[in-house]
Amino acid sequence: MKARKIPLRQCLGCMEGKPKKELIRIVRTPEGDIKIDKTGKAAGRGAYICDDVECLNKVQKKKALNRAFQQDVGEEIYIKLHEELRHDG
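Quick caveat: nothing in here was measured; it's all calculated off a predicted structure. (Residues numbered from 1 in each chain as written. Predicted model: local features only at pLDDT ≥ 70, side-chain atom pairs only at ≥ 80, totals over all residues. Heavy atoms only, no water.)

Undergrad: What's the story with the sheet that holds strand β3 (residues 23-28) in this structure? I'm lost.
TA: Strand pairing in a sheet relies on backbone hydrogen bonds. The paired strands run either parallel or antiparallel. Taken in spatial order, the three strands line up as β4-β3-β5 in an open sheet, and their pairing is antiparallel. Edge strands, defined here as strands with exactly one partner in the open sheet, are β4 (34-37) and β5 (45-50). Across this sheet, the average inter-strand angle for adjacent strands is 30°, counted without regard to direction. One ladder, built from four bridges, connects β3 with β4; its direction is antiparallel. In the strand pairing of β4, Val27 is matched with Lys35. (Pairing = 2+ DSSP bridges. Helix = DSSP H or I, 4+ residues; strand = E, 2+ residues; numbered from the N terminus. Axes fitted to C-alpha atoms, helices over the stretch in contact; angles between N-to-C directions.)

See below:
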C-alpha cells in the first residue's frame, strides 16, 4: 500500500511548516469576510496559524494577514480571532 502524502502548511506566526490538521485555517470568503474555518474546506483564500495565542500575536504584530489576504485586516477581526482561540483552546 502506498503511503499517503501529508499536506504541510506554513504558520504565518512562527513560519514553521506543519501538517495541515495541526493548524487553524483563517479564510477570506469571496464576500470579503475574514473568519476561522473549522472545517478547513470553506471557499476562499486561506491562511494558517498554529493553535497558539503567541502565533496570533506575532501575526498581528507583523500584519501578516494583511499581506496574505492583500487587504487591510481591522483590529476587530484580531479581537474576534483571539476570542475564538481562547474558546477552542
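Undergrad: Looking at this structure, I do not really get the pattern of salt bridges. What am I missing?
TA: Oppositely charged side chains may form a pair once their charged atoms are brought near each other. Within the structure shown, the criterion is met by two salt bridges. One salt bridge in this structure joins Arg25 and Asp37, with 2.6 Å as the shortest N-O distance. Residue Arg25 is located in strand β3, and its partner Asp37 is located in strand β4; the two are separated by 12 residues in the primary sequence. This pair shows no difference in class: Arg25 is buried, exactly as Asp37 is. (Salt bridge = Lys/Arg side-chain N within 4 Å of Asp/Glu carboxyl O. Buried < 20%, exposed > 50% of the residue type's maximum accessible area, 1.4 Å probe, protein only.)

Undergrad: Can you walk me through the nonpolar core in this structure?
TA: The tendency in soluble globular proteins is for nonpolar side chains to be buried as a group. Counting residues in hydrophobic clusters, the biggest one holds 23 residues, and the most contacted among them are Leu12, Ile49 and Leu65. Breaking this core down by element, the ones donating at least two residues are β3, β4, β5, α1 (53-62), α2 (64-69) and α3 (75-88). Leu65 has contacts with Leu12, Ile26, Ala47, Val59, Gln70, Val73, Tyr78 and Leu81, leaving out every residue within four places of it along the chain. (Core = buried A, V, L, I, M, F, W, Y, C linked by side-chain atoms within 4.5 Å. Contact = heavy atoms within 4.5 Å.)

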